[in-house]
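Listed here are the chains, written in short residue letters.
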Amino acid sequence: MKQETKKTLVRLIISLLVIGALILGVYLIFYFLGWTKLSREQLQDFIRSTGAIAPLVFIVVSFLQVTFVPLPGAVTILAGSYLFGFWASFLYSYIGMMLGSVLAFALGRLIGRPYVNWVAGGK
């Protein structure tokens with residue numbers, strides 16, 4: 001194996017280990033907080049308990065669902081439809097998911113190219 005190929009392989013393995021450790025760490029934090037197995041009723045109760053800012057909380061939950069928290073989409077959609085009605089739930093979910101998607105895209109643009117250049121060793 002060429003020296004450069006070995007370097008690239010070592011960088012890739014280190015990167016995968018670091019990313020895996022970060023994902024595992026975030027998952028364990030969410031697991032111990034009880035956020036990985038929320039039922040529709042628990043999510044509804046949480047959002048309802050926030051009172052007047054419930055729509056904003058629902059938008060944040062939709063945002064987190066796309067970006068960081070491993071919540072099934074069906075749970076948030078059903079909870080939102082029950083709490084706000086179909087159209088308001090659709091609007092709030094759309095706002096949260098679009099904001100989450102924009103953040104994911106921005107992170108990919110910001111981190112993606114430098115990361116690939118670092119692993120591959122190119123410009």
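Below is a short write-up of the structure. (Residues numbered from 1 in each chain as written. Predicted model: local features only at pLDDT ≥ 70, side-chain atom pairs only at ≥ 80, totals over all residues. Heavy atoms only, no water.)

What follows is about the nonpolar core. Of all hydrophobic cores here, the largest spans 13 residues; its most connected members are Leu43, Ile47 and Val61. When residues of this core are traced back to their parent elements, those giving at least two are helix H2 (40-48), helix H3 (54-67) and helix H4 (73-84). Examining the composition of this core, we find that five residues originate from one element, H3, more than from any other. (Core = buried A, V, L, I, M, F, W, Y, C linked by side-chain atoms within 4.5 Å. Buried < 20%, exposed > 50% of the residue type's maximum accessible area, 1.4 Å probe, protein only. Helix = DSSP H or I, 4+ residues; strand = E, 2+ residues; numbered from the N terminus.)

Time to look at the packing of H2 against H3. Running from N to C, H2 and H3 point in directions that differ by 135°, and their axes come no closer than 9 Å. As the angle between them shows, H2 and H3 are arranged oblique. Two secondary-structure elements touch here, H2 through Leu43, Phe46 and Ile47 and H3 through Ala54, Val57, Phe58 and Val61. Residue classes in the contact of H2 with H3 are distributed as seven nonpolar, no polar and no charged. (Axes fitted to C-alpha atoms, helices over the stretch in contact; angles between N-to-C directions. Parallel < 35°, antiparallel > 145°, perpendicular 65-115°, else oblique. Contact = heavy atoms within 4.5 Å. Nonpolar A, V, L, I, M, F, W, Y, C, P; charged D, E, K, R; others polar.)

Our focus in this paragraph is H4. For H4, built from twelve residues, the straight-helix expectation of 16 Å at 1.5 Å per residue is met to within 8% by its first-to-last C-alpha distance of 16 Å. Along H4, the residues classified as buried are Val75, Thr76, Ala79 and Gly80. Across the axial projection of H4, the buried residues extend over an arc of 120°, all falling on one side. Immediately downstream of H4, the backbone of Gly85 shows phi near 90°, a positive value. (Expected span 1.5 Å × (residues − 1). Arc of directions from axis to C-beta.)

Attention now goes to the pattern of salt bridges. Counted under the stated rule, the structure contains one salt bridge. Linking Arg48 and Asp45 is a salt bridge whose minimum nitrogen-to-oxygen distance equals 3.2 Å. With Arg48 and Asp45 both in helix H2 and three residues apart, the pair spans about one turn of that helix. (Salt bridge = Lys/Arg side-chain N within 4 Å of Asp/Glu carboxyl O.)

Bringing the environment of Gly20 into the picture now. Relative to the elements of secondary structure, Gly20 occurs in helix H1 (residues 3-33). The class for Gly20 is partly exposed, based on a relative accessible area of 37%. Put simply, Gly20 and Leu9 are eleven residues apart on the chain and 16 Å apart in space, counted from C-alpha to C-alpha.

Of note, Ala79 is situated in helix H4. Classification of Ala79 by relative accessible area gives buried; the value is 0%. Taking C-alpha positions, Ala79 is 9.2 Å from Phe58, a pair spaced 21 residues apart along the chain.

Moving on to the packing of aromatic side chains. Within the structure shown, the criterion is met by five aromatic pairs. Ring geometry for Phe86 and Trp87: centres 4.8 Å apart, planes at 80°, overall edge-to-face. Overall, Trp87 belongs to the exposed group, its relative accessible area being 65%. Taking the centre distance of 6.2 Å and the plane angle of 25° together, the rings of Phe90 and Tyr94 count as stacked. (Phe/Tyr/Trp six-rings, centres within 6.5 Å; stacked < 30°, edge-to-face > 60°.)

Interpretation note: all reported values are geometric properties and have no functional meaning in isolation.
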